[in-house]
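Secondary and tertiary structure notes
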Amino acid sequence: MDVWATALDPAPAALERLPGLLSEDEVARAARFHFERDARRFTVARAVLRELLGAYLGVAPRDVHFVYGARDKPALASPLADSQLQFNVSHSGEIALYAVGLHRRVGVDIEQLRALDDLEGLAARNFSAAECRALFALPPELRPPAFFACWTRKEAYIKAVGDGLAYPLNAFTVSLVPGEAARFVEIEGDPAAAQRWTLQAIDVRSGYEAAVAVDGPATVTMRGDWQEPTS
């Protein structure tokens, strides 16, 4: 499973080139954003996704077509779906993160670290009892990064299974203590699932937490920043 990152505030030349890779409906979607910043981030993230998938599939970026599932999650449309290429996208702040691989369901999440007014309340409403105990046992200064580590790992799994808001965040438990490897501790209703799934923290850059979840054993490799393919 390959993981790629891209900056959503690229050089002016890229900002001129990338919109030309979008489909008509994607251009229309970008135009509906109220703030130019949000339109730019969507445009860059989606155009780079097209470039990246096109490079894996050997097709032009504009020849990549999508269908959409729960939470507006994109997947390859036929006939490219026959390739069994699976992918997922997440963005936060000025970074987008992509996970790409074959056959296995995958989810990725990235969050920019920020101050939270109600960290304890958010954890109590969304984390499992075991996660809350582990979080609140930490010194106060370690709780914010541990919170976002837990959040990204849980969101990556939710995105991989594709159930969106129908899947309770507190129905499974992940590791969160700084220094511990990312892993599933328990997934309710499926005792074997915690051992089957791969969960990995991704080191993107300072100020961000990120994670990838894969349905089955997988080697997850951070490939770095995506670069425009050269002809």
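What counts as what
- Residues numbered from 1 in each chain as written.
- Predicted model: local features only at pLDDT ≥ 70, side-chain atom pairs only at ≥ 80, totals over all residues.
- Heavy atoms only, no water.
- Helix = DSSP H or I, 4+ residues; strand = E, 2+ residues; numbered from the N terminus.
- Buried < 20%, exposed > 50% of the residue type's maximum accessible area, 1.4 Å probe, protein only.
- Expected span 1.5 Å × (residues − 1).
- Pairing = 2+ DSSP bridges.
- Salt bridge = Lys/Arg side-chain N within 4 Å of Asp/Glu carboxyl O.
- Core = buried A, V, L, I, M, F, W, Y, C linked by side-chain atoms within 4.5 Å.
- Contact = heavy atoms within 4.5 Å.

**Regarding unusual backbone geometry**
Between Ser-78 and the following residue, Pro-79, the backbone shows a cis peptide bond with an omega angle of 5°. The phi dihedral of Gln-84 is positive, around 65°, even though this residue is not glycine. With respect to the helices and strands, Gln-84 occurs in the loop between strand E3 (74-76) and strand E4 (85-92). The residue His-103 is not glycine, and still its phi comes out positive at about 75°. Assessed through its relative accessible area of 56%, His-103 is described here as exposed.

**As for helix H6 (residues 143-161)**
Look at H6: 27 Å from first C-alpha to last across 19 residues, which is about the 27 Å you get at 1.5 Å a residue. Most of H6 sits out of view: 16 of its 19 residues are buried.

**What about the pairing of strand E10 (residues 208-214)?**
Residues in a regular strand project their side chains so that they alternate between the two faces of the sheet. Counting buried residues in E10 gives seven out of seven residues, a clear majority hidden from the surface. In E10, alternate side chains face the same way, and those of Tyr-208, Ala-210, Val-212 and Val-214 on one face and Glu-209, Ala-211 and Ala-213 on the other are all buried. Pairing of strand E6 (residues 106-112) with E10, which is carried by seven bridges, proceeds in the antiparallel orientation. Bridge pairing in E10 places Glu-111 opposite Glu-209. Two elements, strand E9 (residues 198-201) and E10, share four bridges in a ladder whose sense is antiparallel. Among the inter-strand pairings, Gln-200 is bridged to a residue of E10, identified as Val-212. What sits between E9 and E10 in their antiparallel hairpin is a turn of six residues, with Gly-207 showing a positive phi close to 95°.

**Quick notes on the pattern of salt bridges**
Inspection of the entire model under this criterion finds 15 salt bridges. Arg-41 serves as the salt-bridge partner of Glu-94, at 3.0 Å between the closest nitrogen and oxygen. Pair noted here: Glu-94 is in the loop between E4 and strand E5 (95-102) and Arg-41 is in helix H3 (residues 36-57), with a separation of 53 residues, a long-range link. Exposure remark for Arg-41: the relative accessible area of 17% places this residue in the buried category. Ionic contacts of the salt-bridge type, sharing partners, join the residues Arg-105, Asp-190, Arg-196 and Asp-215 into one network.

**Focus: the nonpolar core**
Ranked by internal contacts, the top residues of the largest apolar core, which has 29 residues, are Leu-135, Tyr-157, Tyr-167, Phe-172, Phe-184, Ile-187 and Trp-197. Counting residues per element, the ones that place at least two in this core are helix H4 (119-126), helix H5 (129-136), H6, strand E7 (172-174), strand E8 (184-187) and helix H7 (193-196). When neighbours within four sequence positions are excluded, Trp-197 is seen to be in contact with Arg-105, Tyr-157, Ala-160, Val-161, Phe-184, Ile-187, Ala-213, Val-214, Asp-215 and Gly-216.

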